[in-house]
Amino acid sequence: STLFPYTTLFRSDTVSDNAYENATENKDFSAAPVVWYQVQPTALDILTSNFITGGSSNYWNYSNSKVDALARQAQQAPGRAASNAFLARAESLVKDDAPGVFLESVNFVDGRSPDLENFHYNVFYGTYYDRLWTKA
């Protein structure tokens, strides 16, 4: 099996990709590199995915009841300005708690042949390969 290169840095044993993915999904590690792709370009998505108790991408088991309450208030706020005020307060709490260390941000580079027609790139989902064709 293929070995994930970083696991030897964070565990006393080297594990397969599958074992690594299972460990991170089950939050069974003390430290590990984790990748997260933002689905919606909003601060609310980042907060509710990564920093609320039980969030879908909260791999470090971060839990702060004040952050959870502010996230709920931001979701229920009547408008963007009110929501952003709650999010700013939650961001300050998360910053102070420092639940994770962010090491890098990935940049995607895409290129195409001039013969490729109907090329469209979506920043969130990538290239729509099912809609491409080449010039005859």
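What you see is a predicted model; the values in this text were computed from it and never measured. (Residues numbered from 1 in each chain as written. Predicted model: local features only at pLDDT ≥ 70, side-chain atom pairs only at ≥ 80, totals over all residues. Heavy atoms only, no water.)

The next point concerns the overall build of the chain. Along the backbone of the chain there are five helices and four strands. Out of the 136 residues belonging to the chain, those deemed buried represent 24%. A separation threshold of at least 6 residues defines the contact pool for the chain, and within that pool the share at least 24 residues apart is 30%. With the model as given, the accessible surface of the chain reaches about 9900 Å², and the carbon-plus-sulfur share is 52%. (Helix = DSSP H or I, 4+ residues; strand = E, 2+ residues; numbered from the N terminus. Buried < 20%, exposed > 50% of the residue type's maximum accessible area, 1.4 Å probe, protein only. Contact = heavy atoms within 4.5 Å. Areas by Shrake-Rupley, 256 points an atom, 1.4 Å probe, with all protein chains shown as cover.)

Geometry of an aromatic ring pair is reported as the spacing of the ring centres plus the angle between the planes. This structure, assessed with the given rule, holds one aromatic pair. Seen in terms of ring centroids, Phe-51 and Tyr-62 are 6.1 Å apart; in terms of plane orientation they differ by 85°. Their pairing is edge-to-face. Here Phe-51 is found in the loop between helix 3 (43-50) and helix 4 (65-76), whereas its partner Tyr-62 is found in the loop between helix 3 and helix 4, with 11 residues between them in sequence. Of the two residues, Phe-51 and Tyr-62, both sit in the buried class. (Phe/Tyr/Trp six-rings, centres within 6.5 Å; stacked < 30°, edge-to-face > 60°.)

To continue, consider the pattern of salt bridges. The final tally for this structure, using the stated rule, is three salt bridges. Salt-bridge contacts for Glu-117 lead to Lys-135; the nearest nitrogen and oxygen are separated by 3.9 Å. In this pair, Glu-117 sits in strand 1 (residues 116-117) while Lys-135 sits in the segment after strand 4 (133-134), placing the two residues 18 residues apart along the sequence. By relative accessible area, Glu-117 is classed as partly exposed at 26%. Its salt-bridge partner being Arg-131, residue Asp-130 comes within 3.7 Å of it at the nearest N-O pair. For Asp-130, a relative accessible area of 63% gives the class exposed. Its relative accessible area of 42% is what places Arg-131 among the partly exposed residues. (Salt bridge = Lys/Arg side-chain N within 4 Å of Asp/Glu carboxyl O.)

It is worth spelling out the packing of helix 3 against helix 5 (residues 80-97) at this point. At a closest axis distance of 11 Å, the pairing of helix 3 and helix 5 adopts a crossing angle of 45°. On the basis of the axis angle, helix 3 is oblique to helix 5. The two elements helix 3 and helix 5 cross, and the hand of that crossing is left-handed. Contacts between helix 3 and helix 5 involve Ala-43, Leu-44 and Leu-47 on the former and, on the latter, Leu-87, Ala-90 and Val-94. Here the contact of helix 3 with helix 5 is built from residues that sort into six nonpolar, no polar and no charged. (Axes fitted to C-alpha atoms, helices over the stretch in contact; angles between N-to-C directions. Parallel < 35°, antiparallel > 145°, perpendicular 65-115°, else oblique. Left-handed = near helix turned anticlockwise from the far one by under 90°. Nonpolar A, V, L, I, M, F, W, Y, C, P; charged D, E, K, R; others polar.)

Okay, helix 4 next. The first and last C-alpha atoms of helix 4 sit 17 Å apart over 12 residues, in line with the 16 Å expected at 1.5 Å per residue. Inspection of helix 4 places Val-67, Asp-68, Leu-70, Ala-71 and Ala-74 among the buried residues, and these make up the whole buried set. Take helix 4 and look down its axis: the buried residues cluster within an arc of 165°, on one side only. Counted as exposed and oriented over 90 degrees from the buried face of helix 4: Ser-65, Lys-66 and Gln-76. Against helix 3 and helix 5 lie the buried residues of helix 4. (Expected span 1.5 Å × (residues − 1). Arc of directions from axis to C-beta.)

Its 18 residues place the ends of helix 5 25 Å apart at the C-alpha level, agreeing with the 26 Å of an ideal helix rising 1.5 Å per residue. Taken together, the buried positions of helix 5 are occupied by Ser-83, Phe-86, Leu-87, Ala-90 and Val-94. Seen end-on, helix 5 carries its buried residues on one side only, within an arc spanning 100°. Within helix 5, the exposed residues directed more than 90 degrees away from the buried face are Ala-81, Arg-89, Lys-95 and Asp-96. On its buried face, helix 5 is in contact with helix 3 and helix 4. Phi turns positive one or two residues past the end of helix 5, at Ala-98, with a value near 45°.

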